[in-house]
Each structure stands twice: as C-alpha cells, then as structure tokens.
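Spelled out from the first residue to the last, the chains are:
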Amino acid sequence: MNNLNVVVNKIQDILAQAKITTFELPQIVVVGEQSSGKSSVLESIVKMDFLPRGNNIVTRRPLILQLNKIQTYKKEKKKSSSSKRNEINKEKEKEKTQDQPWGEFLHKKGKKYYNFEKIRQEIQDETDRIAKGKEISSKPIRLSISSPDTVNLTLIDLPGLTNNPILNQKKDLPERIYKMVVQYIKNPKSLILCVIPANIDIANSRAYKLAKEIDPRGERTLGILTKIDLMDEGTNARDILFGKVLPLKYGYVPVVNRSQKQIKKNISVKESIKLEKIFFQNHQSYKDISKRCGTKYLSKRLSELFTKRMEIFLPEIRKKVTLFRIKWEEELKTFEQSKIEGNNSTFLMKLIFEFSKKNSDLINGVDLFEDEHMKFLQGGSRINYIFYEIFTNYIQKVDPLEGLTEKELILLMKNSKGPKKTLFIPDKTFEILVKTKLEQFRAPSQSCVKSVFRELESIIISKIKVDQLSRFKLLKEKIIQKSINYINSLVNPCLDFVNQTIDTELAFINLNHPDFKTPTHLVSRMTQSEQTDIQKQKVPNQQQKLQKKQNQRQKQQQQQQLKHRLNNNNHNSFLKSPSPNMFIGMLREYEQLDSYSYNELKMQQQQLQSTKRDNLSIPKNIQDFSIQEYEKQEIRMLKDLLINYVDIVKIKLIDTIPKIIMHLLVNKLAGNLQNVLIQKLYKPKKIDILLAENPEIARKRKNCERKVHAYRKAEKILSQDISQILD
Ligand SMILES: Nc1nc2c(ncn2[C@@H]2O[C@H](COP(=O)(O)OP(=O)(O)OP(=O)(O)O)[C@@H](O)[C@H]2O)c(=O)[nH]1
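Residues numbered from 1 in each chain as written. Predicted model: local features only at pLDDT ≥ 70, side-chain atom pairs only at ≥ 80, totals over all residues. Heavy atoms only, no water.

As named in an unreviewed UniProt entry, the protein is Vacuolar protein sorting-associated protein, taken from Anaeramoeba flamelloides. Recorded in UniProt for the protein, the comment headed Sequence similarities (unreviewed entry) runs: "Belongs to the TRAFAC class dynamin-like GTPase superfamily. Dynamin/Fzo/YdjA family." (UniProt positions renumbered as here; feature names shortened; annotations may be inferred.)

So this is what it looks like as structure tokens:
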C-alpha cells in the first residue's frame, strides 16, 4: 500500500506543475521551534546531507520535499558476447545514473542535481531570491528527491517557531512565522510532525502547544523527540514515549541526529544513522524499545501513517479531482466558444456587427435582459430622461418676466419712444424683451446636446459588452476610439443646428403665429377689467349715465368696425407680416374709444408733462420715476404679450431640440456606426494585427488548459494506478 504514497507524490507533481496550490492533499508538516532539529530529522529521513545550516533562523521559506524511492540497479550476472556486453554496459551506465540519488527543483524543472552540496546552495539562493535579508516568505520551494534509500513521502519543512526576532528582523516576525505554520497545519488531511527537543521541558514546547491548538485531540500529530543524547544524565524520555505525559494518538518517536560536533567531523548522515541505532540499542533506558526508536523506525512509521491518511481521504480526493476537472473544462469551453470562427476578416466583421448592434439595442431599448436593466436607467432611457425630465423641465420653468421690474419696463419703453410722444407700445421694447428671453434658451439647448453626447460616449466606453471582444485588446481600443471619433464628428453639426434654431427664433418675432393671442383678445380682456374698475369707483349721475350709454353705443359700433378690420387684415397679404407696432397701434386706437379711462389717463399724462416742464431737473434713475396709470396698462399688456410669445417658443423648442439631437446625433450613431467601423477598421493588411489575442486573456486560457490537463491526468492516475494498487 506504500504505493499510495507514490500516487500522492505523482498527483502533487502534476498539480504543482499546473500551479495548483489550493488543492489539499495529505502531507506531513514538520513543526518545531528554531534549532529543535527539524532539518536534521528531514536529512535523516532522506539519508542525505543537503539542507542549509547556520545560526539563528535558517529555514525562511517552506520547503516542500517530495521523496521518491527509486529501484536499485541489479547486477547483470549472465555472461554475454562483446557487442551485447557493450550494449549492456551502456544500459548499466544509464541505470547507475538512475541509481544515484538526485534532486530536482520545480523552479528549475528538468535540471537534475546529483551534487547535494549544490542542492543546499540552490535552497539558500532561492530562499534569498524571494525572502531577502533575514526575511521570511510563505512562498514554498519545491524539491523532489529521488533516492533508493528513502521512502515515498511528502514532507514540508517550515521556519522554526520563535519568541524573539534577531537583530535587523522585523518585530512581527514571530507572529508571521506562527501564522505561516498554522496555515500549513490546519489542512485536516495533513499530518503534524511535532519536533520537540528532549532536553527541554516538553510542557513548555511552543510546537507542542501549537499542534494541540490546531489538533486538540492529538489525532493527527506525531511527536518526535530529538536530542535524546543531550538529556541530563539520569533522566530519560520513557514517560513521554509511553504516553504518560502529554499523550498523542500516534505517540512519539525518539531520535538522535547528528550533533554539531559530528557535522564538523564530517560524519555523514548515513553514518550518524548507524550510530543512532547503536545508541538506542545500548542505552539502558531504550534498549528494550530500540526497535521503535530512531530514524529508520520513524521513516517506516511516517510512511504507514501517510498511507493511512491517503486511504482515508482517497474517495474525497477522487471526487474533488473530478469536480475540479469538470469546473475547469467548463471554463475552458467559454474560451473555446470565443475562438476565431472562420477566417479573420469574417470574424472581424462579426465583432463589429455585434458591437454596433449592442450599441443600437442599448439606445433603442431592445437589449433588456441583463440584470443591470432592472437596477438602472440604461442607454436610450437615459437620453429620454435628459430630454423630458431635465431639458423640458428647465425650459418650462424659465419665467419670461423674471428680473423685470415695472420701472425697468417703463424705462425701456420711455427710452424706445425717444423724444416722441407716442400712444403706442414701441416694437423695440417688445422685441428687446422677447429676444433677451429667447437668448436664454441657447445655453440649455446646447447643454442638452452635450449631455446626450456624454451619454452616447459612456454607452460606447463602458456599457457595451461583447464577450469575445475582450480577448482582443487592440481591436477593442480601436473600436472604441473610432466610435468616439464618430460621435465627436456628429456633435458640432448638431450644435450648429441647435444654434441656428435659436437664431431663427431670434431672427423674426412672428406675431402672426396662430397661437399668439390676438390684440383683440388682449384688448377685450383689458377693457372688461377696466370697466369693472370704473363701475366700482364711480356712481354716475343721470347725465353721466346717458353720456356713458351713448359712449358705449358709439364704442360698440367702433369695436365692431375695428374687429371687422382686424379680421380682414388676417386675409390681407400686406398685413400677413405685421410689425408689433401695427397691432399695438390698433390696440391704442381701440383704447381711445374708452373715453372715460383714456381721457383721464391722458389728463394725468399731460399734468405730468407740464410738471416736468416746470421742473428742470430730469430724473436719471429708475427709482425717481413714478408710474402713471396709463403706463401700468401698457406694462400689463406688454407682460401678457411677452408671456404669450415666450410660451409659444418654449413649446416649439421642447419639441424641436430633442428631434434635432435624435436626428443628427443619436439616430446617426445608431444607424451608421457599423458602416463607419467597417470603413475605418476593415483594412485587409491590418486585420491580423487587430485580432492579436489580448495577452492577459491568452494567459488565462493557457492557465485554464493547464489545469484541465492536470486534473485529467490526476483523475487518470487516481483511477488506473489505484485500481492496479488495489488489485
Ligand atoms: N546532539 C544533537 N544535536 C542535534 C540533534 N538534532 C539536531 N541537533 C543539532 O541542533 C542544531 C540545530 O539543528 P537543525 O536541524 O538545524 O535545527 P532546525 O530546527 O532545523 O533549525 P532552524 O531551521 O533554524 O529552525 C544543529 O547544530 C544540529 O546539529 C540531536 O538529536 N542531537
């Protein structure tokens, strides 16, 4: 059953080569305090001197040591002809080399080390490469040793537990070593090899305490008592060995490794193992149990325990290997799906088509199946939001009268009239006010274009997901860049059109617009309110009543005439393009008919004029004017006209600006992107460069292939080799 260990080693090899570090296999983890003899124990098991030595902390990176027992060369006894002898000699040479123990590092795969001094040197060098100075690193060094003298096992040597960092070492070093050791021994499949020097108080051993912490019932811990030869005279380890002190399920094995003195005397490991055997056989306290002492017994015991653990975990390992094989095969399929189908040019066209389609789907709201669509506004709906929630709301909220005081309006009118005494609301006043307001619509209309542009840009840069495209970094970059260039080329014409639309509104104040309230309408509204005011203020005498009736009759007649004229004017080609003056003039004419109110106002106005003439100081500031009643009427009318006209333009812009943006920006992008991209990127000589696979994706795919390969191989070994073993 020792062959099970060979299986573990093989699987370990396969997984390590595929850089699979997370798959937990049974392993033996050597735990001990610094200088407790861990490395010496490992060297004894390997029967070779190959580990770095020195003072203080020597093992600074985990060493995963895979031991493979190799078959020894058997001497050829049969006599043979010279030619056959030559052939056999060659074979012998080959086998001799194979007989010699050799080591191989995973980081130097393929290089066999027959010189174990060089192995020691390489461990030191490789340790220093990652853990510079006296630092430690949890990145393991993997070394496999094949030797006829060893057993099939995998052992892990770890930095020794310590209380105090040495000079120049960071203060948290003991803590970090502790964590690293825990990381390795917490794998429930691993066997903890707890190395305790027999010449210290075992109860205070940090290694024992730690093993107990992780494996409280001591069910997977084997104790090794080193330095038995250094125990005080008259003391022995029998109580510990017989489980009377700190018992462990697998018990303890006492060993005597090479002392520093023996190392200096160049006593080999093999020799020291012989001396160890003699030590136990002759020692008063151990000779009766000498067969269960020493390195030879330890190797045998470890091998048995390791096999046992493998037997326990074999079904689980098999299951996991299959599961992982399936998982990685699935992953690999996703890469294979994205293999280039057909030739490169059709593949490029396919990617461009998919990209453009996703873009127009996002804009038109077709691609609604991904989760994200349930959480956020996407693509086209965001553009809709810009149009109807932001732009429309903003325009609607613009107050045509904002910032205009009555006095300012009067001042504006006065200045427009100049020195002339006029009964009309001047054109200029109305035009200035309308144009100033309309100009205010330019900036939000431009912002609307820019916001939609940014939205389209963001769809291109981050919202479009074409799985296969992520493999081709350069192509992806180019597609995005060309798409953005295209949107950029659409923005200015769109902005120009929007500007022209505003300019058009400013160019001509169309008082003939069907929705613009006719002067008649305004006049009748105003007259009604004035009449109410008069009724409230006056209680007329009989004569006045008669006069008023007469006036009213006269007024009604003239109103009829005026209405008739106005209606006729609508059909008059000359009057189809009226100036504001025209209708305000008509209005004033109409107002004159209201003899009472108008005459009174006129008197007030004349009074004011004469006062002004008498008084030579002309008011300069707005505050200095007092507003006359007739002026109030003018302002009221002016305001009504202004609100009315600006509202008409608002409705027009709310309708037109989104249409312009849709036509010149959004629809053009959605409709033309595919052609633009083909035109810009479909260049036969450059297609291969564009379709060079993204190195990161290629790396991932290779990693995936490697893992599938490794798990398939491991699965094969677990079914074939194990069925042979079990047979
Ligand atoms: N006399 C005697 N000396 C031993 C024994 N085991 C180890 N030593 C000596 O103790 C010292 C430390 O042994 P190592 O095997 O290097 O100890 P380690 O635990 O690997 O040390 P670090 O890797 O630094 O943690 C060396 O000088 C060994 O020769 C033993 O059983 N008897």
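Now that the structure is up, let's keep going.
Undergrad: Would you explain the site of the ligand in this entry?
TA: With respect to spatial proximity, 21 residues lie near the ligand, and among them K38, S39, S40, N257 and Q260 are the closest. For the ligand, an oxygen atom lies 3.1 Å from a polar atom in the backbone of S35. The side chain of K38 places a nitrogen or oxygen atom 2.7 Å from an oxygen atom of the ligand. Summarising the interface, the protein chains cover 90% of the accessible area of the ligand, which totals 640 Å² for the free molecule. Counting only elements with at least two residues in the shell around the ligand, the list comes to α2 (38-46) and α8 (260-264). Broken down by element, the shell around the ligand gets its largest block of residues, 3 residues, from α2. Its residues placed into classes, the shell around the ligand shows 4 nonpolar, 12 polar and 5 charged. (Near = heavy atom within 4 Å. Polar contact = N/O pair within 3.5 Å; in protein donor to acceptor, adjacent residues only side chain to side chain. Areas by Shrake-Rupley, 256 points an atom, 1.4 Å probe, with all protein chains shown as cover. Helix = DSSP H or I, 4+ residues; strand = E, 2+ residues; numbered from the N terminus. Nonpolar A, V, L, I, M, F, W, Y, C, P; charged D, E, K, R; others polar.)

Undergrad: Is there a simple way to think about helix α9 (residues 269-282) in this case?
TA: Three- or four-residue spacings in an α-helix give side chains the same orientation, since the helix completes a turn every 3.6 residues. When the terminal C-alpha atoms of α9 are compared, their 20 Å separation across 14 residues agrees well with the 20 Å that a helix rising 1.5 Å per residue should span. Among all positions of α9, only V269, S272, I273, E276 and F280 are buried. Buried positions in α9, seen along its axis, are confined to an arc of 105° and lie on one side of it. Across α9 from its buried face, at more than 90 degrees, point the exposed residues K274, K277 and N282. (Expected span 1.5 Å × (residues − 1). Buried < 20%, exposed > 50% of the residue type's maximum accessible area, 1.4 Å probe, protein only. Arc of directions from axis to C-beta.)

Undergrad: Sorry, what's going on with the packing of helix α16 (residues 442-463) against helix α17 (residues 473-507) here?
TA: The geometry of a pair of packed helices is captured by two quantities: the angle between their axes and the separation between those axes. In the contact formed by α16 and α17, the axes pass within 10 Å of each other and the chain directions differ by 165°. One element, α16, and the other, α17, form an angle in the roughly antiparallel class. Judged by the sense of rotation from one axis to the other, the crossing of α16 with α17 is right-handed. Of the residues contributing to the contact of α16 with α17, the split by class is 14 nonpolar, 5 polar and 4 charged. (Axes fitted to C-alpha atoms, helices over the stretch in contact; angles between N-to-C directions. Parallel < 35°, antiparallel > 145°, perpendicular 65-115°, else oblique. Left-handed = near helix turned anticlockwise from the far one by under 90°.)

Undergrad: I'm lost on the side chain of S483 in this one. Help?
TA: Summarising the element assignment, S483 is placed in helix α17. The contact partners of S483, leaving out residues within four places of it in the chain, are F355, I460, L673 and L677. (Contact = heavy atoms within 4.5 Å.)

Undergrad: How should I be thinking about the sheet that holds strand β5 (residues 153-157) in this particular structure?
TA: Neighbouring strands of a sheet are bound in pairs by backbone hydrogen bonds; such pairs are parallel or else antiparallel. The strand order β3-β4-β2-β5-β1-β6-β7-β8 describes an open sheet built from 8 strands, whose pairing is mixed. Each edge of the open sheet carries a strand with a single partner, namely β3 (102-105) and β8 (252-254). Across the sheet, the mean angle separating the axes of adjacent strands is 25° when strand polarity is ignored. Judged from the 5 bridges that link them, strand β2 (residues 63-69) and β5 form a sheet pairing that is antiparallel. Bridging from a neighbouring strand, I64 pairs with I156 of β5. Along the sheet face, α2 touches β1 (28-32), β2, β4 (141-147), β5, β6 (191-197) and β7 (221-226) and points at about 160° away from the line of β5. Strands β1, β6, β7 and β8 of the sheet are contacted by helix α6 (residues 206-214), whose axis makes an angle of about 155° with β6. (Pairing = 2+ DSSP bridges.)

Undergrad: Help me understand the side chain of E505, please; the structure alone is not making it clear to me.
TA: As for its position among the elements, E505 is in helix α17. Residue contacts for E505: discarding those within four places in its chain leaves L438, V649 and K652.

Undergrad: For this particular structure, what's the right way to read the environment of I214?
TA: Within the fold, I214 resides in helix α6. Along the sequence, I214 and K186 sit 28 residues apart, while their C-alpha atoms lie 6.4 Å from each other. Look past the residues within four positions of I214 in its chain and what remains in contact with it is V182, I185, K186 and R220.

Undergrad: It is not clear to me how the packing of aromatic side chains should be interpreted in this structure. Could you clarify?
TA: Between two aromatic rings, the relevant description is the distance of the centres plus the angle of the planes. As enumerated under the stated definition, the model contains 8 aromatic pairs in all. Geometrically, the ring pair formed by F324 and Y711 is stacked, given 5.4 Å between the ring centres and 15° between the ring planes. Of this pair, F324 sits in helix α10 (residues 294-337) while Y711 is found in helix α24 (residues 695-726), placing the two residues 387 residues apart along the sequence. By relative accessible area, which is 30% here, F324 ends up partly exposed. Judged by its relative accessible area of 2%, Y711 is buried. Between F387 and Y388 the ring centres are 5.9 Å apart and the planes differ by 75°, which places this aromatic pair in the edge-to-face class. Taking relative accessible area as the criterion, F387 reaches 3% and is therefore assigned buried. One aromatic cluster is present, built from ring pairs that chain together F279, F280 and Y286. Taking the ring centre of W102 as reference, the NZ or CZ of K112 above it sits at 4.2 Å. (Phe/Tyr/Trp six-rings, centres within 6.5 Å; stacked < 30°, edge-to-face > 60°. Lys NZ or Arg CZ within 6 Å of the ring centre and 35° of its normal.)

Undergrad: Can you help me understand unusual backbone geometry in this one?
TA: Negative phi values dominate among residues other than glycine, just as trans dominates among peptide bonds. One non-glycine residue with positive phi stands out, namely K47, at about 65°. With respect to the helices and strands, K47 occurs in the loop between α2 and β2.

Undergrad: Would you mind going over the pattern of salt bridges with me for this structure?
TA: Pairing between side chains of opposite charge can happen when their charged atoms approach one another. Summed over all chains, the structure comprises 34 salt bridges. One salt bridge in this structure joins R129 and E122, with 3.0 Å as the shortest N-O distance. Classification of E122 by relative accessible area gives buried; the value is 6%. The structure contains a network of salt bridges with shared partners spanning E43, D49, R53, E117, R120 and R258. (Salt bridge = Lys/Arg side-chain N within 4 Å of Asp/Glu carboxyl O.)

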